[in-house]
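Analysis of the macromolecular model
Residue-level listing of the chains:
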Amino acid sequence: QVQLVESGGGLVQPGGSLRLSCAASGSFFSINDMGWYRQAPGKQRELVATITKDGNTNYADSVKGRFTISRDNAKNTVYMQMTNLKPEDTAVYSCSANGVAWRAGSYYSNDDWGKGTQVTVSS
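The sections below set out a description of the structure shown in this document.

1. Observations regarding the overall build of the chain
Helix and strand counts for the chain stand at zero helices and eleven strands. Tracing the chain from N to C terminus, the helices and strands come up as β-β-β-β-β-β-β-β-β-β-β. Relative to the globule expectation of 14 Å for 123 residues, the C-alpha radius of gyration of the chain, 15 Å, shows essentially globular dimensions. Across its three principal directions, the C-alpha atoms of the chain cover 55 × 25 × 20 Å.

2. Section: the packing of aromatic side chains
By the definition in use, this model includes three aromatic pairs. Aromatic side chains W102 and Y107 sit 4.7 Å apart centroid to centroid with 65° between the ring planes, which places their arrangement in the edge-to-face category. Grouping aromatic residues by their ring pairs yields a cluster made of F29, W102 and Y107. R19 extends its terminal NZ or CZ atom over the ring of Y79, reaching a point 4.2 Å from the ring centre.

3. Considerations on the sheet that holds strand 1 (residues 2–7)
Remark on secondary structure: sheet strands pair via backbone hydrogen bonds, oriented parallel or antiparallel. Taken in spatial order, the four strands of this open sheet run 1-3-8-7, and their pairing is antiparallel. Both edges of this open sheet fall to strand 1 and strand 7 (67–72), since each of them pairs with a single strand only. Within this sheet the neighbouring strands show an average axis-to-axis angle of 15°, counted without direction. Taken together, the six bridges between strand 1 and strand 3 (residues 18–26) define a ladder with antiparallel strand orientation.

4. Side note on the nonpolar core
Soluble globular proteins tend to pack their nonpolar side chains together in the buried interior. Core analysis: the biggest nonpolar cluster contains 28 residues, and W36, V48, F67, V78, M80, M82 and Y93 have the highest contact counts within it. Listing elements by their share of this core, those giving two or more residues are strand 1, strand 3, strand 4 (30–39), strand 5 (46–51), strand 7, strand 8 (77–82), strand 9 (91–103) and strand 11 (117–121). Ignoring any residue separated from it by four or fewer positions in sequence, one finds M82 in contact with G16, S17, L18, L20, R66, F67, Y93 and V119.

5. Section: the pattern of salt bridges
Counted by the stated rule, this structure contains four salt bridges. Between D89 and R38 there is a salt bridge, with its nearest N and O atoms 2.9 Å apart. Of the two residues, D89 is situated in the loop between strand 8 and strand 9 and R38 in strand 4; the sequence distance between them amounts to 51 residues. This pair shows no difference in class: D89 is buried, exactly as R38 is. The salt bridge partner of D89 is R66, with a shortest N-O separation of 2.8 Å. Residue D89 is found in the loop between strand 8 and strand 9, and its partner R66 is found in the loop between strand 6 (57–59) and strand 7; the two are separated by 23 residues along the sequence.

6. Some remarks on a nonpolar patch on the surface
Side chains of F29, W102 and Y107 sit close together on the surface and give an oily, nonpolar patch of about 410 Å² of accessible area. Mapped onto the fold, F29 is located in the loop between strand 3 and strand 4. Residue F29 is classed as exposed on the basis of its relative accessible area of 55%.

What counts, and at which threshold
- In every chain, residue numbers begin from 1 and rise along the written sequence.
- Local features in a predicted model are, by the rule used here, given only for residues with pLDDT of at least 70; side-chain atom pairs are given and counted only at 80 or more, and totals for whole chains, interfaces and linings are based on all residues.
- Only hydrogens and water are set aside when side-chain values are computed; all heavy atoms of the structure are taken into account.
- Here a strand is any run of E in DSSP of at least two residues, a helix any run of H or I of at least four, and the numbering for each starts at the N terminus.
- Taken over C-alpha atoms, the radius of gyration is set against a globule rule of 2.2 Å times the number of residues to the power 0.38.
- Two rings belonging to Phe, Tyr or Trp (six-membered ring only in the last case) form a pair when the distance between their centres is within 6.5 Å. Interplanar angles under 30 degrees mark stacking, angles over 60 mark edge-to-face geometry, and anything in between is tilted.
- Should the NZ of a Lys or the CZ of an Arg lie within 6 Å of a ring centre and within 35 degrees of the ring normal, that charge is described as sitting over the ring.
- Each pair of strands is called paired provided DSSP finds at least two bridges between the two strands.
- For helices, the axis comes from a line fit to the C-alpha atoms of the stretch in contact; other axes are also lines fit to C-alpha atoms, and the angle between any two N-to-C directions lies between 0 and 180 degrees.
- Throughout, nonpolar core names a set of buried Ala, Val, Leu, Ile, Met, Phe, Trp, Tyr and Cys residues whose side chains join them through atoms within 4.5 Å.
- Remark: exposure states derive from per-residue accessible area (1.4 Å probe, protein chains only) relative to the maximum for the residue type, with buried under 20%, exposed over 50%, and partly exposed in between.
- The criterion used for residue contact is that any of the two residues' heavy atoms lie within 4.5 Å.
- Salt bridge criterion: a side-chain nitrogen from Lys or Arg within 4 Å of a carboxyl oxygen from Asp or Glu.
- Only residues above 30% relative accessible area that lack a salt bridge enter a patch, with like-charged residues linked at up to 9 Å and the nonpolar side chains Val, Leu, Ile, Met, Phe, Trp and Tyr linked at up to 5 Å.
- Note that accessible areas follow from Shrake-Rupley with a 1.4 Å probe, and for residues the cover is restricted to the protein chains shown.

Below, the structure written as structure tokens:
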């Protein structure tokens, strides 16, 4: 099991910046891909960005050029730097991690989620 705790959300004006952090802890052998998702009121959860253990990244078209995902494997932490924020970026942002655990003589992989942090972009 991977426990994830997000931080860094808040209220920011359009054009502003925020940096989100997500620290992973718990019982796991390793962590594979990590990512950030967001969900706005009345909308489905959408994938914002992902990053592999080796640092390869992918982004939703809506955030390309504005958001940057990164990770520090030594700290088991994933980050997302958000710049030029827009009102449509307002959402609860959650991080995810694919953790590998050892149980009953075998390895198992599961996706775990944090509870999320609120990002509000408004004047």
